[in-house]
Amino acid sequence: MSQFLRRIISLPIQSIRSFHSFDDVTPAKYISTHLKNGLGSRYVCQLQRLTIQVCKEFRTSYGTREWIANDLMNFARQHPYVVVYVQPRRHRAPNLIGEYLSGDRQWIPLSNCDRQQINWWVHSLLTQQGDPQWRLLKQMHTDSPSIQGIWTPFTNKPNDLITRTYPDKDLIEMEYPQMTATQQIQELFEQQKTNKTT
Amino acid sequence: MVRLLRYGTIFGPLKDRWRYLYKNDLYKRRIEAGPEPERFRSSLINWNYDAELYACTHRFGEKMNIESLRNAMTDASFLNQITKQRTEAGLAATDQTTLSFTHNEELAKRGEEIAENFLRRALQFWYPKFPKEGIDAVMEFLISESTIADISLKLGFKTLIRCDGPSPRPKMLKNALFAFIGAVDENNDRSRAELFVSDFILTHLVGKDINEIWHIKNPMGLLTKVLEENGRQAPESRLIWATGVSSVLSTYIVGVYSNKEFLGKSAGATISIAEEMAARDALRRLFETDEKRASIPFDKLYKHGLLIDK
């Protein structure tokens, strides 16, 4: 239903901060990383640039202003691989826009968020690879599920069945375990008896 | 200032008929106008090229001069465009030579040489029994324009490259990545550039089967040839199992033997398919490239002398 409505009134793609409706059909995939990130000797932060759009006057961007005044320099020093742009815009809502190495773009409205919440959102953008519109089919995935290969009726089957002469004595005789369960219990019982007497 | 009413509901701005018609007309006109033309990322207001380059050096942990990185990210087409603009503006040829930067062709050549050299050494070390044609095929796959352009795209060089169009072509992406490797070699040392190659290009083999990258047309012929070279007898194929012979889902399992010595076996829908697959399996076992083999230890290559540990 919501998809139908969205088609009539053309709204932009929802931010991850907004409520996710399960009526929507979202694209799905298995969990993966770009270029097998971290497999070599280094990890590459996928966030390329961060744009903070903020108003200097409105109450809605109060927390954003506070974060910029107190935490921005520290953040930039700790993460020199992220280019941070601050865009003052008069009388509009504050936004956080992250652009990623793969070309994806994330947009988060920051209206009425306090300083800590903004820190959370910034680090949320920093630690993801930029495609939250994907629904994960599973929480884990492997390209090689079995090293031994898929089981077939022929795996581990002895090859010498052809070379035997039939009727074969080994095949006719039914195999029983060396000792049945009853016998085992009886033996245990007798052992206990002998232990007690000694 | 804060919008309290929801847009597009009966409480919102679309409740009036005239407003609905107006919005609808605007929507149709927007559709008629077509998609927006592609723009340079640098044409947006939040763009600082020096800051981007500085971030790029820190992203990969390479200490390098910003100017050399700027040269590595400059494509030949960009330089051509500038000289063309200058001649149109009426500048003499002597003024055109005073440009402070060059294009990345030479650096790209240098980087490609390093990458090719290192990849060949690494593959030959890790798959010593794999024949030369196979390694050539894998190399061709790794160095190919599509692979390198894909890697370059995912490393975020798309917006950093200076070229004549808003979206760089695969050739430009490839040149930029190799030029970056060349710039690393120029600023630091060879081992650092090789580490970059092993981290970003060699890892492209993960999850891929190198036997599939090298497509063998006649596996049985190759198997005979390889066995002859090793001084062994020609391969013989024998049917091991068969089920559902007269049905649609027939399965045959064929084994390949040389002088009654097991080489490999595989299943197939017909005997000829099973025989071919068994020959492939035998080749895989001979070359030691089966799936059971451990993958390349990308973080421990220096232990094997392929990389110099720092």
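Residues numbered from 1 in each chain as written. Chains lettered and ligands numbered in written order. Predicted model: local features only at pLDDT ≥ 70, side-chain atom pairs only at ≥ 80, totals over all residues. Heavy atoms only, no water.

- Going by what an unreviewed UniProt entry lists, chain B is known as Large ribosomal subunit protein mL44 and is assigned to Rotaria sordida.
- Quoted straight from UniProt, the Subcellular location (unreviewed entry) entry for chain B says "Mitochondrion".
- Under the Sequence similarities (unreviewed entry) heading, UniProt states for chain B: "Belongs to the ribonuclease III family. Mitochondrion-specific ribosomal protein mL44 subfamily." (UniProt positions renumbered as here; feature names shortened; annotations may be inferred.)

- Per an unreviewed UniProt entry, the recorded name for chain A is Large ribosomal subunit protein mL43, and the organism is Rotaria sordida.
- Quoted verbatim from the Sequence similarities (unreviewed entry) field of UniProt, the annotation for chain A is "Belongs to the mitochondrion-specific ribosomal protein mL43 family."

## Side note on the overall build of chain B
Phase 1 of the analysis: Check the secondary structure of chain B and you find 13 helices and 3 strands.
Phase 2 of the analysis: Counting only carbon and sulfur atoms, one obtains 52% of the accessible surface of chain B, whose full area is about 17,700 Å². (Helix = DSSP H or I, 4+ residues; strand = E, 2+ residues; numbered from the N terminus. Areas by Shrake-Rupley, 256 points an atom, 1.4 Å probe, with all protein chains shown as cover.)

## Digging into the pattern of salt bridges
Phase 1 of the analysis: Following the criterion strictly, the structure yields 28 salt bridges over all chains and no others.
Phase 2 of the analysis: With its nearest N and O atoms 2.9 Å apart, the salt bridge here joins Arg164(A) to Asp168(A).
Phase 3 of the analysis: One salt-bridge network, held together by shared partners, links Arg42(A), Glu62(B), Arg192(B) and Asp199(B). (Salt bridge = Lys/Arg side-chain N within 4 Å of Asp/Glu carboxyl O.)

## Remarks on unusual backbone geometry
Residues and elements named next belong to chain A.
Phase 1 of the analysis: Following Tyr166, the chain continues to Pro167 via a peptide bond in cis, the omega torsion being -5 degrees.
Phase 2 of the analysis: Note on placement: Pro167 falls in the loop between strand E6 (135-136) and helix H5 (169-172).
Phase 3 of the analysis: Its identity as a non-glycine residue notwithstanding, Leu35 has a phi of 55 degrees, on the positive side.
Phase 4 of the analysis: In this fold, Leu35 is placed in the loop between strand E1 (28-29) and strand E2 (47-54).

## A few points about the nonpolar core
Phase 1 of the analysis: Ranked by internal contacts, the top residues of the largest apolar core, which has 80 residues, are Phe60(B), Met73(B), Leu155(B), Phe157(B), Phe180(B), Ile201(B) and Leu202(B).
Phase 2 of the analysis: At 10 residues, helix H9 (residues 170-187) of chain B tops the list of elements feeding residues into this core.
Phase 3 of the analysis: Among the domains, domain 2 (49-210) and domain 3 (216-287) of chain B are the pair contributing at least three residues each to this core.
Phase 4 of the analysis: With 17 residues, the next largest nonpolar core counts Leu47(A), Leu72(A), Cys113(A) and Ile118(A) among its residues. (Core = buried A, V, L, I, M, F, W, Y, C linked by side-chain atoms within 4.5 Å. Buried < 20%, exposed > 50% of the residue type's maximum accessible area, 1.4 Å probe, protein only. Domains from an automatic or database assignment.)

## Regarding the interface of chain A and chain B
Phase 1 of the analysis: Contacts between chain A and chain B engage 35 residues on the former and 43 residues on the latter.
Phase 2 of the analysis: For the pair chain A and chain B, the summed buried area comes to about 3,400 Å², and 62% of that belongs to carbon and sulfur atoms.
Phase 3 of the analysis: Together, Leu35(A), Arg42(A) and Phe154(A) form the three largest contributors to the area buried by chain A at its contact with chain B, with a combined 23%.
Phase 4 of the analysis: The tally of links between chain A and chain B comes to 4 salt bridges.
Phase 5 of the analysis: Measuring nitrogen to oxygen at the nearest pair gives 2.9 Å for the salt bridge that ties Glu62(B) to Arg42(A).
Phase 6 of the analysis: Seen at the junction of chain A and chain B, the total is 12 residue pairs in polar contact (both at pLDDT 80 or more).
Phase 7 of the analysis: Those elements that place two or more of their residues in the side of chain A that touches chain B are E2 and strand E3 (83-88) of chain A.
Phase 8 of the analysis: In terms of residue class, the side of chain A that touches chain B is made up of 17 nonpolar, 11 polar and 7 charged. (Contact = heavy atoms within 4.5 Å. Buried area = accessible area lost by both parts, 1.4 Å probe. Polar contact = N/O pair within 3.5 Å; in protein donor to acceptor, adjacent residues only side chain to side chain. Nonpolar A, V, L, I, M, F, W, Y, C, P; charged D, E, K, R; others polar.)

## Re the sheet that holds E2(A)
Residues and elements named next belong to chain A.
Phase 1 of the analysis: A sheet is described by the order of its strands in space; here 4 strands give the open sequence E3-E2-E4-E5, paired in mixed fashion. Of all strands in the sheet, those bounded by a partner on one side alone are E3 and strand E5 (105-109). The mean inter-strand angle of the sheet, taken between neighbouring strand axes irrespective of direction, is 15 degrees.
Phase 2 of the analysis: When E2 meets strand E4 (residues 95-100), the two strands line up antiparallel, connected through 6 bridges. Looking at E4, one finds that Arg49 is bridged to Glu99. (Pairing = 2+ DSSP bridges. Axes fitted to C-alpha atoms, helices over the stretch in contact; angles between N-to-C directions.)

## Comments concerning helix H2 (residues 62-70) of chain A
All names here are of chain A.
Phase 1 of the analysis: Along H2, the positions that sit buried rather than exposed are Gly63, Thr64 and Trp67. Buried positions in H2, seen along its axis, are confined to an arc of 100 degrees and lie on one side of it.
Phase 2 of the analysis: Those residues of H2 that are buried lie in contact with E2, helix H3 (72-78) and helix H4 (115-127). (Arc of directions from axis to C-beta.)

## What to know about the packing of helix H8 (residues 145-154) of chain B against H9(B)
Residue and element names in this part refer to chain B.
Phase 1 of the analysis: Relative orientation of the contacting elements H8 and H9 amounts to 70 degrees, with a least axis distance of 8 Å. One finds that H8 runs roughly perpendicular with respect to H9. Where H8 crosses over H9, the handedness of that crossing is left-handed. Here Glu145, Ile148, Ala149, Ile151, Ser152 and Leu153 of H8 come into contact with H9, specifically with Pro170, Lys171, Leu173, Lys174, Leu177 and Phe178. (Parallel < 35°, antiparallel > 145°, perpendicular 65-115°, else oblique. Left-handed = near helix turned anticlockwise from the far one by under 90°.)

## Details of the sheet that holds strand E3 (residues 261-268) of chain B
To summarise the sheet geometry, strands pair through backbone hydrogen bonds and adopt either a parallel or an antiparallel arrangement.
Residue and element names in this part refer to chain B.
Phase 1 of the analysis: Here 3 strands make up an open sheet; going across it, the order is E1-E2-E3 and the pairing antiparallel. Single-partner strands in this sheet number two, and they are strand E1 (236-243) and E3. Between one strand axis and the next, the sheet turns by 20 degrees as a mean value, whatever way the strands run.
Phase 2 of the analysis: Pairing of strand E2 (residues 251-258) with E3 involves 7 bridges; the strand directions are antiparallel.

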